[in-house]
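Now for the letters of each chain:
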Amino acid sequence: MTPQKLDRPALEAMLSGLRPKLHRYCARMAGSVIDGEDIVQETLLKALQAIDGSAAVERPEQWLFRVAHNAAQDHLRRRQRERSRMTEADMTTIEDPSGNADARLAAATSLRSFMQLSVAQRGAVILVDVLGLSLHEACEVTGATLAATKAALHRGRAQLRLLASEPEQVAAPRLDADDERRLRRYVDLFNARDFDAVRALIAEDIQLEVVNRTRMRGKAQVSTYFGNYDRATDWALSLGFVDGRPAILIRDPGAPDGPGAPDGPGAPDGAVRGFMLVEWRDERVVQIRDFRYAPWCLADAEISTLEG
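Presented here is an overview of the structure given in this document. (Residues numbered from 1 in each chain as written. Predicted model: local features only at pLDDT ≥ 70, side-chain atom pairs only at ≥ 80, totals over all residues. Heavy atoms only, no water.)

Taking strand neighbours across the sheet as the criterion, the 7 strands line up as E4-E3-E8-E7-E6-E5-E9 in an open arrangement whose pairing is mixed. Of all the strands in the sheet, just strand E4 (214–217) and strand E9 (303–305) have a single pairing partner and so form its edges. Taken pair by pair, the neighbouring strands of this sheet meet at an average axis angle of 30 degrees, ignoring direction. Pairing between strand E5 (residues 236–242) and strand E6 (residues 245–252): 7 bridges, direction antiparallel. Of the residues in E6, the one forming a bridge with Ser-238 is Leu-249. Taken strand by strand, helix H9 (residues 177–191) contacts E5, E6, strand E7 (271–281) and strand E8 (284–290), and its axis lies near 150 degrees from that of E5. Each of strand E3 (202–210), E4, E6, E7 and E8 touches helix H11 (residues 219–231); the most contacted strand, E3, lies at about 55 degrees to it. (Pairing = 2+ DSSP bridges. Helix = DSSP H or I, 4+ residues; strand = E, 2+ residues; numbered from the N terminus. Axes fitted to C-alpha atoms, helices over the stretch in contact; angles between N-to-C directions. Contact = heavy atoms within 4.5 Å.)

Written as structure tokens, this is what we have:
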């Protein structure tokens with residue numbers, strides 16, 4: 001296939017349909033839907049830089065996943081969680097008759113379990129069993145040989161089967177008392193639609209990202225964001241956790257609880273439609289990330305409600 005130039009409009013058009021799939025790969029590589037979105041955004045920046053540099057692209061989708069794979073690798077190195085490289089073995093003749101069952105298992109596996117695989121195993125299992133790429137396409141994404149990819153897939157599947165047979169020991173997430181106090185105040189004011197009081201909590205240098213929509217900086221700009229919520233009626237906020245991180249859950253009070261809704265006594269009514277991450281400096285909000293318009297981030301998220 002002859003390499004072709006990919007311009008910005010073509011890349012953006014491709015991303016409109018590919019982004020949920022791209023996010024799923026990145027989230028499972030990172031073990032977090034939040035970190036997965038960070039990697040997707042890094043991927044988009046690197047892809048735009050490449051095409052601005054007049055890079056010729058052969059098979060654009062596989063190329064974009066290769067960029068994402070490299071961005072995920074960089075992310076994992078920065079977190080210093082990359083495990084030792086697996087020794088390549090001659091696995092080119094292996095045939096695994098349990099492939100369909102393994103694909104079903106991989107699709108249902110938690111992000112936390114994927115983090116117990118090596119990076120090579122994780123990449124191979126996600127690409128082949130979760131996203132449905134062929135072995136040759138997976139090689140193209142990761143840059144590994146066919147032998148190494150088959151070895152990683154075989155061992156990754158075996159490890160997931162072992163993990164699936166063991167009870168998952170998960171420590172309940174906890175929230176610092178000061179963080180809970182600040183977040184409860186923020187949520188209570190938001191739910192009461194006292195947006196003047198909410199605005200009084202934000203710092204002058206606040207940064208806002210409405211994921212997949214816009215970015216704003218400074219109190220004057222960010223103040224308009226609260227006006228959008230004031231005009232809407234399809235939301236109610238509650239405290240919870242997303243992949244173990246403290247978060248504000250955005251619910252649609254008019255919708256029944258969906259598959260992503262937290263369970264347990266005291267769980268608020270209404271399906272979770274998104275979430276917010278809020279960062280503080282002393283008693284002022286300095287950063288807000290709103291995932292209301294990034295529904296793909298809920299697909300694999302582990303969501304729980306903070307009771308009380």
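What follows continues from the structure just given.
As a further point, take the nonpolar core. Ranked by internal contacts, the top residues of the largest apolar core, which has 44 residues, are Leu-11, Tyr-25, Trp-63, Leu-64, Phe-114 and Leu-131. In terms of nonpolar packing, the next biggest core, distinct from the first, is built from 31 residues, Val-198, Leu-201, Ile-250 and Ile-288 among them. (Core = buried A, V, L, I, M, F, W, Y, C linked by side-chain atoms within 4.5 Å. Buried < 20%, exposed > 50% of the residue type's maximum accessible area, 1.4 Å probe, protein only.)

The subject of this paragraph is the pairing of E5. Counting buried positions along E5 gives 6 out of 7 residues, so the element sits mostly inside the fold. Remark: 2 residues form the turn of the hairpin made by E5 and E6, two consecutive strands paired antiparallel; Asp-243 in that turn has positive phi of roughly 50 degrees. Note: E5 against E9, 3 bridges, orientation antiparallel. Bridging from a neighbouring strand, Phe-241 pairs with Ser-304 of E9.

On to helix H7 (residues 135–142), then. Regarding H7, the residues found buried are Ala-138, Cys-139 and Val-141. Each buried residue of H7 sits inside an arc of 160 degrees when the element is viewed along its axis, so together they form one side. Looking at the residues trailing H7, positive phi occurs at Gly-143, about 80 degrees. (Arc of directions from axis to C-beta.)

Moving on, we get to the packing of H7 against helix H8 (residues 146–164). Where H7 contacts H8, the two axes come as close as 9 Å, and the packing angle between them is 105 degrees. With respect to H8, the element H7 is oriented roughly perpendicular. Each of Leu-135, His-136, Ala-138, Cys-139 and Thr-142 in H7 lies in contact with H8, whose residues at this interface are Leu-146, Thr-149, Lys-150 and Leu-153. Split into classes, the residues belonging to the contact of H7 with H8 amount to 5 nonpolar, 3 polar and 1 charged. (Parallel < 35°, antiparallel > 145°, perpendicular 65-115°, else oblique. Nonpolar A, V, L, I, M, F, W, Y, C, P; charged D, E, K, R; others polar.)

One can find Gly-227 in helix H11. Among the residues examined, Gly-227 registers a relative accessible area of 13% and is labelled buried.

A complete count under the given rule lists 23 salt bridges for this structure. One salt bridge connects Arg-77 with Asp-74, and the closest N-O pair in it is separated by 3.1 Å. Here Asp-74 and Arg-77 lie together in helix H3 (residues 60–78), a separation of 3 residues that amounts to about one turn. On the accessibility criterion, Arg-77 (42% relative accessible area) is partly exposed. The class for Asp-74 is partly exposed, based on a relative accessible area of 26%. Between Glu-209 and Arg-215 there is a salt bridge, and its shortest N-O distance comes to 3.5 Å. Since its relative accessible area comes to 56%, Arg-215 is described here as exposed. One network of salt bridges, with partners in common, ties together Glu-42, Lys-46, Asp-74, Arg-77 and Arg-78. (Salt bridge = Lys/Arg side-chain N within 4 Å of Asp/Glu carboxyl O.)

This next bit is on helix H2 (residues 33–52). The terminal C-alpha atoms of H2, which comprises 20 residues, lie 28 Å apart, in line with the 28 Å expected from a rise of 1.5 Å per residue. Counting buried residues in H2 gives 14 out of 20 residues, a clear majority hidden from the surface. Structurally, the start of H2 carries an N-cap: the backbone nitrogen of Ile-34 is 3.1 Å from a side-chain oxygen of Ser-32. (Expected span 1.5 Å × (residues − 1). Polar contact = N/O pair within 3.5 Å; in protein donor to acceptor, adjacent residues only side chain to side chain.)

On to unusual backbone geometry, then. The phi torsion at Arg-193 lies on the positive side, around 60 degrees, for a residue other than glycine. With respect to the helices and strands, Arg-193 occurs in the loop between H9 and helix H10 (195–201). Taking the relative accessible area as the measure of exposure, Arg-193 reaches 32% and is therefore partly exposed. Despite not being glycine, Asp-243 has its phi angle at roughly 50 degrees, a positive value. The topology assignment puts Asp-243 in the loop between E5 and E6. Among the residues examined, Asp-243 registers a relative accessible area of 17% and is labelled buried.

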